[in-house]
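Working through the structure, step by step
The residues making up each chain are set out below.
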Amino acid sequence: MIITGGAGFIGSHVVRLFVNKYPDDRIVNLDKLTYAGNLENLTDIDRKSNYVFEKADITDAGRIRDVFEKYCPDGVIHLAAESHVDRSISNPMEFIMTNVVGTVNLLNAARALWNGNFEGKRFYHVSTDEVYGSLGREGFFAETSPYDPRSPYSASKASSDHLVRAYHHTYGLPVTLSNCSNNYGPNHFPEKLIPLSINNIKNSKPIPIYGKGENVRDWLYVLDHARAIDTVFHNGRNGETYNIGGNNEWTNIDLIRLLCRIMDSKLGRPEGTSAQLITFVKDRAGHDMRYAIDSSKLQRELGWKPSLQFEEGLEKTADWYLANEKWLQGVISGDYEKYYQKQYSSR
Ligand code: NAD
Ligand code: DAU
């Protein structure tokens, strides 16, 4: 099978799970290695005989067709994407190219390879809860919620979801989709709220909180998402969509206060030290107020549920970043500082 985006945050956890759990399946990790892709995420499994890496850009239709012809996959799990909302606000076209055009290239390659013989085949598209828009204080996103994407990132993911469903309805391509809430855990690139804050706390730098910090996200530990993807890939019904979430809503400010307490204790600093770094900055343009997922379909039909309490997951995450200084230094060298200056100096 082919897993796209396997060198990224979630993809690397999915690749590891599949390589270890399914030794008889050959797992091809197809990734362009953008700033977010990092083969260091996979050093513990990259010598296993059922693992292969192919450096390829999903916007390159010819190259993608060649990779499909080379490996003849029965299954595709598609995670490759531009994934950061702030970057989509400054550079939407990259998101259209990778998330929309790239997805169509993969759909075309799978359709051409399988050529109507769909027995035992599956194209699984991994998507986000952001396609449903923004909630008020009440309610949850269900699989039947109308699409209402509001950032270039979520609009590009919504577009790719529609195309995957269109290939199912028009050409009979066997597909599944899932829409997941915010992930956190090891190997998360420090442009996203939790790893960025851990890195800044470590270095006693300001923690930038957009607006008043009242926006709400529903956080899920990345390994629980990887387990859900395994479950849906193997047991999900053809053509169906499953929402995945942590049932774990936090305002950004409460989350960061908790993280500050955890970091103070791990770094041996007096309680309250890290919280002094909290700095309210200019809000994200079009900032969605609240996401919250109803994952009862996945829980009821396929028996999945989140395994970790948030406090426990955050502790594990903080421990991982403190124990993996070399990984962190590797990803914040080079272009990261430039990105950080551009993103935060004018806020
Ligand atoms: P990430 O940014 O950490 O990783 C993306 C990976 O895709 C990287 O390895 C990158 O090199 C690769 N990639 C990017 N453009 C490519 C291209 N043109 N060709 C080939 N490879 C390319 O992303 P993530 O946070 O791990 O998210 C993975 C998927 O899950 C995405 O589709 C995202 O929309 C979805 N998702 C993410 C979250 C989250 O909280 N992070 C939640 C729900 C859904
Ligand atoms: O909901 C799923 C989505 O979660 C995924 O589809 C995206 O790929 C993933 O990046 C994530 O999107 P968010 O925009 O919710 O994640 P981010 O970590 O960027 O921001 C989380 C919240 O924290 C959000 O309300 C914005 C806020 N924030 C973020 C950053 C980077 C800050 O207050 N300060 C910051 O510096």
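Here, residues in each chain are numbered from 1, in the same order as that chain's written sequence. Following the order in which they are written, the chains are lettered starting with A and the ligands numbered starting with 1. Reporting in this predicted model follows two pLDDT cut-offs: at least 70 for local features of residues, and 80 or more for side-chain atom pairs to be given and counted; totals over whole chains, interfaces and linings ignore these cut-offs and use all residues. Side-chain figures throughout are based on the complete set of non-hydrogen atoms in the structure, without hydrogens or water.

This part covers the nonpolar core. Residues belong to one nonpolar core when they are buried, are Ala, Val, Leu, Ile, Met, Phe, Trp, Tyr or Cys, and are joined through side-chain atoms within 4.5 Å. Each residue is placed in one exposure class: buried if its accessible area under a 1.4 Å probe, protein chains only, is under 20% of its type's maximum, exposed if it is over 50%, and partly exposed if it falls in between. Within the largest apolar cluster, 36 residues are counted, with the highest numbers of intra-cluster contacts made by Ile194, Ile207, Ile256, Phe310 and Leu314. Helix and strand labels come from DSSP, where a helix needs a run of H or I of at least four residues and a strand needs a run of E of at least two; each type is numbered from the N terminus. Only α6 (193-202), β8 (207-210), β9 (216-221), α8 (252-267), β12 (278-281), α10 (310-323), α11 (325-332) and α12 (335-344) provide two or more residues apiece to this core. With eight residues, α8 is the single largest residue contributor to this core. Counting 30 residues, the second-largest nonpolar core is a separate cluster that includes Ile3, Val14, Ile45 and Val222.

Here we come to the site of ligand 2. Near is defined per residue: the residue qualifies when any heavy atom it owns lies within 4 Å of the molecule or strand. By nearness alone, 23 residues border ligand 2, and Asp129, Tyr153, Arg284, His287 and Tyr344 come closest of all. As used in this structure description, the phrase polar contact means that two N or O atoms lie within 3.5 Å; if the pair is within protein, one of them must be able to donate a hydrogen and the other to accept it, and residues adjacent in sequence are counted only when both atoms belong to side chains. A distance of 2.8 Å separates an oxygen atom of ligand 2 from a polar atom in the backbone of Leu193. Between ligand 2 and the protein, one listed contact pairs an oxygen atom with a side-chain N or O atom of His287 at 2.7 Å. Exposure was quantified through the Shrake-Rupley algorithm and a 1.4 Å probe, taking into account, for residues, occlusion by the shown protein chains and nothing else. In the complex, the protein chains occlude 95% of the 680 Å² of accessible area that ligand 2 would expose alone. Counting residues per element, the shell around ligand 2 draws most heavily on β8, at three residues. Residue classes in the shell around ligand 2 are distributed as nine nonpolar, eight polar and six charged. Residue classes follow a fixed rule: Ala, Val, Leu, Ile, Met, Phe, Trp, Tyr, Cys and Pro count as nonpolar, while Asp, Glu, Lys and Arg count as charged, and any other residue, Gly among them, counts as polar.

The residue Asn29 is located in strand β2 (residues 27-31) in this model. Given the relative accessible area of 0%, Asn29 is considered buried. A polar side-chain atom of Asn29 sits 3.1 Å from a polar atom in the side chain of Tyr51. Contacts are residue-level and defined by heavy atoms, with any inter-residue pair within 4.5 Å sufficient. Discounting residues that sit within four places of it in the chain, Asn29 has contacts with Ile3, Gly5, Gly6, Ala7, Val15, Leu39, Leu42, Tyr51, Val52, Phe53 and Glu54.

Working note: non-glycine residues mostly have negative phi, and peptide bonds are mostly trans. For Leu33, which is not a glycine, the phi torsion comes out positive at approximately 60°. With respect to the element layout, Leu33 can be found in the loop between β2 and β3 (51-55). The phi dihedral of Asn187 falls on the positive side, at around 70°, and the residue is not glycine. Turning to its location among the elements, Asn187 is positioned in the loop between β7 (182-184) and α6.

Here the focus is the site of ligand 1. Around ligand 1, the surrounding shell holds 28 residues, and the nearest of these are Ile10, Asp31, Ser83, Tyr153 and Lys157. In this structure, a nitrogen atom belonging to ligand 1 sits 2.9 Å away from a side-chain N or O atom of Asp57. Note that an oxygen atom of ligand 1 is positioned 2.7 Å from one of the side-chain N or O atoms of Tyr153. If ligand 1 stood free it would expose 840 Å²; the protein chains cover 97% of that surface. When contributions to the shell around ligand 1 are tallied by element, the ones reaching two or more residues are α1 (9-21), β5 (122-128), α5 (152-171) and β7. It is β5 that contributes the most residues to the shell around ligand 1, three residues altogether. Tallied by class, the residues present in the shell around ligand 1 amount to 13 nonpolar, 11 polar and four charged.

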